[in-house]
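One letter stands for each residue in the lines below.
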Amino acid sequence: MKLILLMAATADGMIAKDSLHPVDWSGKADKKYFVRTTRQAGVVIMGSNTWDTIGKPLPGRENIVMTRDKTRKSNDKDLIFTDRSPARILEDLNARGFESAALIGGAKINSLFMKENLIDEIHLTLVPRLFGRGLTLFSEALDHRLELLDVVKIEGGHLLLKYRVLHN
Ligand SMILES: NC(=O)c1ccc[n+]([C@@H]2O[C@H](COP(=O)([O-])OP(=O)(O)OC[C@H]3O[C@@H](n4cnc5c(N)ncnc54)[C@H](OP(=O)(O)O)[C@@H]3O)[C@@H](O)[C@H]2O)c1
């Protein structure tokens, strides 16, 4: 099963100003790409801070929210709160027949999956803005090599960069 990390970043490499900052700045073309790719996958995985900035399940997709907070509960079959490990989450999706899944942030949850070498591709929209400081793609030190698969100019000044993560 393929895991794609889908993120938007500013030209100075920020994904948000802080943990509560919603992604309302990435542009129309990025949103369209996000919806298409996540709907194709059928499942999105995110951390609880990212969930809090979205506030409702993304429709037509299974929403898996990673949290250790047992008070977070759901009666919606498409909204699952879990404290399972990244590997267990992917094993379960694989067993249920998903061919791909979208990891959609934030920095902390991205790091958990990256440290375990579970991310296959990174699709990064580079947005022509600067935040100066904030959160970056990952919250921990890493050292991974990437292979550039594609670059597409998706709207005025926005670039979509597709990378394969090289696992060696
Ligand atoms: N630019 C973009 O494309 C993009 C995309 C997504 C998000 N973002 C931004 O990123 C920010 C949020 O990122 P973040 O790094 O602060 O938070 P996050 O990764 O979304 O969520 C972190 C939270 O997940 C829970 N968690 C951590 N480790 C866990 C584990 N092993 N098992 C289960 N749950 C675990 C913890 O909360 P509990 O207390 O609930 O356990 C932790 O505080 C927001 O501003 C959001 O808008 C940007």
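This text goes with the structure placed above it.
As the structure is a prediction and not an experimental result, all values here were calculated from the model.

The rules behind each value
- Residues numbered from 1 in each chain as written.
- Predicted model: local features only at pLDDT ≥ 70, side-chain atom pairs only at ≥ 80, totals over all residues.
- Heavy atoms only, no water.
- Pairing = 2+ DSSP bridges.
- Helix = DSSP H or I, 4+ residues; strand = E, 2+ residues; numbered from the N terminus.
- Axes fitted to C-alpha atoms, helices over the stretch in contact; angles between N-to-C directions.
- Contact = heavy atoms within 4.5 Å.
- Core = buried A, V, L, I, M, F, W, Y, C linked by side-chain atoms within 4.5 Å.
- Buried < 20%, exposed > 50% of the residue type's maximum accessible area, 1.4 Å probe, protein only.
- Near = heavy atom within 4 Å.
- Polar contact = N/O pair within 3.5 Å; in protein donor to acceptor, adjacent residues only side chain to side chain.
- Areas by Shrake-Rupley, 256 points an atom, 1.4 Å probe, with all protein chains shown as cover.
- Nonpolar A, V, L, I, M, F, W, Y, C, P; charged D, E, K, R; others polar.
- Patch = residues over 30% accessible without salt bridge, like charges linked within 9 Å, V, L, I, M, F, W, Y side chains within 5 Å.
- Salt bridge = Lys/Arg side-chain N within 4 Å of Asp/Glu carboxyl O.

> Tell me about the sheet that holds strand S5 (residues 100–103), residues and numbers included.
Strands sit in the order S4-S3-S2-S5-S1-S6-S8-S7 across an open sheet of eight strands; the sheet is mixed. At either end of the open sheet lies a strand with only one pairing partner, and these are strand S4 (79–82) and strand S7 (145–155). If you compare each strand with its neighbour and ignore which way they point, the axes differ by 20° on average. Pairing of strand S1 (residues 2–10) with S5 involves four bridges; the strand directions are parallel. For leucine 3, the partnering residue across the bridge sits in S5 and is alanine 101. Contacts from helix H1 (residues 28–41) reach S1, strand S2 (43–47), S5, strand S6 (121–127), S7 and strand S8 (158–166), with the element oriented near 165° to S1.

> Run through the nonpolar core, naming residues and quoting values.
Ranked by internal contacts, the top residues of the largest apolar core, which has 27 residues, are Leu3, Ile45, Leu93, Leu103, Phe113 and Ile119. Looking at this core, the elements that each hand over two or more residues are S1, S2, strand S3 (62–66), helix H3 (86–95), S5, helix H4 (107–115), S6 and S8. With near-sequence residues (within four places) excluded, leucine 103 lies in contact with Leu3, Ile4, Leu5, Leu6, Ile45, Ile109, Asn110, Phe113 and Ile119. Within the second largest apolar cluster, 13 residues are counted, among which are Tyr33, Met46, Trp51 and Phe81.

> Before we move on, could you go through the site of the ligand and cite the residues and values that matter?
In the vicinity of the ligand, 28 residues are found, and the nearest of them are Ser19, His21, Thr50, Thr67 and Arg68. One of the backbone nitrogen or oxygen atoms of glycine 106 is found 3.0 Å away from an oxygen atom of the ligand. Surface burial for the ligand is 87%, taken as the share of its 950 Å² of free accessible area covered by protein chains. For the shell around the ligand, the secondary-structure elements that each account for two or more residues are S1, helix H2 (48–54) and H4. Looking at side-chain class alone, the shell around the ligand contains 14 nonpolar, ten polar and four charged residues.

> Can you break down a nonpolar patch on the surface residue by residue, with the values?
On the surface, Leu148, Val151 and Leu159 cluster together to form a nonpolar patch covering roughly 230 Å² of accessible area. With respect to the helices and strands, leucine 159 occurs in strand S8. On the basis of relative accessibility, which here comes to 31%, the residue leucine 159 falls in the partly exposed class.

> Describe the pattern of salt bridges, listing the residues and the values that go with them.
Close approach of charged atoms lets side chains of opposite charge pair. This structure, assessed with the given rule, holds nine salt bridges. A salt bridge links arginine 72 to aspartate 52, with the nearest nitrogen and oxygen atoms 2.9 Å apart. Here arginine 72, found in the loop between S3 and S4, pairs with aspartate 52, found in helix H2; they are 20 residues apart in sequence, far enough to count as distant. On the basis of relative accessible area, arginine 72 is assigned to the partly exposed category, the value being 24%. A salt bridge links arginine 96 to aspartate 92, with the nearest nitrogen and oxygen atoms 3.2 Å apart. Taken together, the salt bridges that share partners define one network made up of Glu62, Arg84, Asp92 and Arg96.

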